[in-house]
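Chain by chain, the residues run as shown.
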Amino acid sequence: MLITNEEHSLKFQSAIGDTTGINLKVIMMKIRKISALILTLIIGVLPLFSCSSSSSDALADSDSEPDVRNTEIQEEGSETETDSAASSPASVVTAVEYGENTGTSATLTGLEPLPLVDFVTSDPDNTAGLSTEKISHSYGVAENETANDISVNNQAYFDNGNFKALTLDTKTEEKIVYLTFDVGYDNGYTGQILDTLKEKSVTAAFFCTVPEMESDPDSIARMITEGHIVGNHTKNHPSMDEISRAEMTAEIKAFDDYIRTNFGYSSPYFRFPKGEYSDCALELVGSLGYTSVFWSLAYADWDLDDQKGADYALKTVVDRIHPGAVILLHAVSPDNAAALGDIIDTVRSMGYEFRSLEDYNA
């Protein structure tokens with residue numbers, strides 16, 4: 001949901017209110033000190049010695065009172081330092097973020113650009129010795145509304161290794177599914193897919209690269225403004241297990257910088273290009289705050305030379321559906337675009353609910 005101007009205004013007013021409270025305390029203390037000095041002067045009828053004594057006492061009080069005032073000032077200073085720290089660049093992503101909706105022309109969404117994240121590569125030389133062996137994601141074919149053991153074991157591996165990764169939602173027994181798309185380039189069907197999702201009130205996740213954002217910015221802006229997730233698929237689509245940890249970070253940051261600057265948006269979801277990864281790469285992506293999103297249901301829909309029609313797409317997805325499924329479809333496929341409405345309707349008729357990745361309880 002977009003952050004409204006009213007919410008920002010309330011936060012701003014709250015911040016101003018806190019600062020005003022601190023300033024009033026300081027002012028009141030100064031008034032009390034001045035009043036004490038004036039009172040001392042009024043008692044000028046006392047003997048000179050007494051007056052001197054009173055002046056000394058007043059000075060003594062004045063010396064002790066600044067301690068209280070200084071405490072207030074120090075507290076105010078501490079708050080300023082805290083505010084300054086809070087405004088420092090973040091080093092990880094933590095949630096889906098939207099810039100303030102001002103209608104600015106600086107971005108294609110009308111959302112204000114977001115501050116950039118200062119990602120830091122942990123253990124750049126992999127001194128922990130995490131495996132760099134290439135793993136090509138596999139998922140198996142689900143049958144009878146039951147996830148394939150390969151997907152079950154993959155999720156167990158991610159969980160047991162404390163990797164931030166999702167291929168199958170095993171946290172719930174509900175009949176829920178997550179719809180995701182890979183958008184390598186626009187083949188003319190992205191708009192049709194978005195139309196269907198809007199008509200069916202389904203939130204999906206789209207994983208794309210920087211070249212896709214550059215070549216089809218209107219579709220990316222529409223995904224964001226219509227409430228879908230746009231996930232990080234790197235800048236240049238490399239095999240992440242074949243590059244250094246610093247290079248992995250650079251690929252991820254280049255994507256995040258671009259979408260923050262040009263669309264006022266960011267999300268903490270990542271998909272490995274080509275589904276190729278390693279333990280080292282998984283850990284690095286997680287250390288930057290991202291959840292790596294794989295899949296437990298897919299088919300060869302990306303092969304444009306072997307499209308088999310909308311009926312085939314519908315039957316394939318429905319036959320392989322299962323609780324907790326992460327569905328991967330490719331937006332370049334005309335079959336997917338034509339069958340999507342029927343896929344959603346049929347899966348729902350089987351008792352399933354489409355949910356956003358934001359609903360996943362990792």
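Because the structure is predicted, anything quoted here is derived from the model rather than measured.

**Q** Would you take a moment to explain the packing of aromatic side chains for this structure?
**A** Aromatic ring pairs: the centre-centre distance and the angle between the two ring planes describe each pair. Counted under the stated rule, the structure contains 15 aromatic pairs. Judged by centre distance (5.3 Å) and plane angle (20 degrees), the ring pair of Phe-158 and Phe-294 falls under stacked. One end of the pair, Phe-158, is in helix H3 (residues 149-160); the other, Phe-294, is in the loop between strand S10 (291-293) and helix H9 (310-320), with 136 residues separating them in the sequence. Its relative accessible area of 0% is what places Phe-158 among the buried residues.

**Q** Before we go on, may I ask you to explain the pattern of salt bridges in this structure?
**A** Oppositely charged side chains can pair when the atoms bearing their charge come close. Applying the stated criterion across every chain, the model contains 17 salt bridges. Here Lys-134 and Glu-242 are joined by a salt bridge, their closest N and O atoms 2.9 Å apart. Taken together, the positions of Lys-134 in the loop between strand S1 (97-98) and strand S2 (135-136) and Glu-242 in the loop between strand S6 (229-232) and helix H7 (245-263) put the pair 108 residues apart, joining distant regions of the chain. Taking the relative accessible area as the measure of exposure, Lys-134 reaches 34% and is therefore partly exposed. Judged by its relative accessible area of 57%, Glu-242 is exposed. Close ionic contact of Glu-226 with Arg-222 constitutes a salt bridge, the shortest N to O distance being 2.7 Å. Classification of Glu-226 by relative accessible area gives partly exposed; the value is 28%. Residue Arg-222 is classed as partly exposed on the basis of its relative accessible area, which comes to 22%.

**Q** Looking at this structure, how should I read the environment of Thr-132?
**A** Of note, Thr-132 is situated in the loop between S1 and S2. On a C-alpha basis, the gap between Thr-132 and Ile-243 in space is 9.7 Å, while along the polypeptide they are 111 residues apart. If we ignore the near neighbours within four places in the chain, the residues touching Thr-132 are Asn-126, Asp-241, Ser-278 and Cys-280.

**Q** What am I meant to see in the pairing of strand S5 (residues 205-208) here?
**A** Side chains of S5 alternate between two faces, with Ala-205 and Phe-207 and Phe-206 and Cys-208 buried alike. Taken together, the four bridges between S5 and S6 define a ladder with parallel strand orientation. Paired with Ala-205 across the two strands is Ile-229, which belongs to S6.

**Q** Looking at this structure, how should I read the nonpolar core?
**A** The nonpolar side chains of a soluble globular protein tend to be buried, and buried together. With 76 residues, the main nonpolar core has Leu-179, Phe-181 and Leu-197 as its most contacted residues. Setting aside anything within four residues of it in sequence, one finds Leu-197 in contact with Leu-179, Phe-181, Val-202, Ala-204, Phe-206, His-228, Leu-340 and Ile-344.

**Q** What is the right way to look at H7 in this model?
**A** Side chains that are three or four residues apart share a direction in an α-helix, a result of its 3.6 residues per turn. With 19 residues, H7 should reach 27 Å at 1.5 Å per residue; the first-to-last C-alpha distance of 27 Å fits that figure. By the burial criterion, the buried members of H7 are Arg-245, Met-248, Thr-249, Glu-251, Ile-252, Phe-255, Asp-256, Asp-257, Ile-259, Arg-260 and Phe-263. Following H7 by one or two positions, Gly-264 has its phi on the positive side, about 60 degrees.

**Q** Where do I start with the environment of Lys-200 in this structure?
**A** Position of Lys-200 among the secondary structure elements: in helix H4 (residues 190-200). Looking at Lys-200, the relative accessible area reads 17%, which means it is buried. Considering only alpha carbons, one finds Lys-200 and Ile-344, 144 residues apart in sequence, at a separation of 7.6 Å. Aside from chain neighbours lying at most four places away, what touches Lys-200 is Gly-341, Ile-344, Asp-345 and Arg-348.

**Q** Where do I start with the side chain of Ser-292 in this structure?
**A** For Ser-292, the location among the structural elements is in strand S10. Dropping the residues within four chain positions of it, Ser-292 is found in contact with Lys-164, Ala-165, Leu-166, Phe-270, Phe-272, Leu-282 and Val-285.

Conventions we followed
- Residues numbered from 1 in each chain as written.
- Predicted model: local features only at pLDDT ≥ 70, side-chain atom pairs only at ≥ 80, totals over all residues.
- Heavy atoms only, no water.
- Phe/Tyr/Trp six-rings, centres within 6.5 Å; stacked < 30°, edge-to-face > 60°.
- Helix = DSSP H or I, 4+ residues; strand = E, 2+ residues; numbered from the N terminus.
- Buried < 20%, exposed > 50% of the residue type's maximum accessible area, 1.4 Å probe, protein only.
- Salt bridge = Lys/Arg side-chain N within 4 Å of Asp/Glu carboxyl O.
- Contact = heavy atoms within 4.5 Å.
- Pairing = 2+ DSSP bridges.
- Core = buried A, V, L, I, M, F, W, Y, C linked by side-chain atoms within 4.5 Å.
- Expected span 1.5 Å × (residues − 1).

On their own, these measurements won't tell you what the molecule is for.
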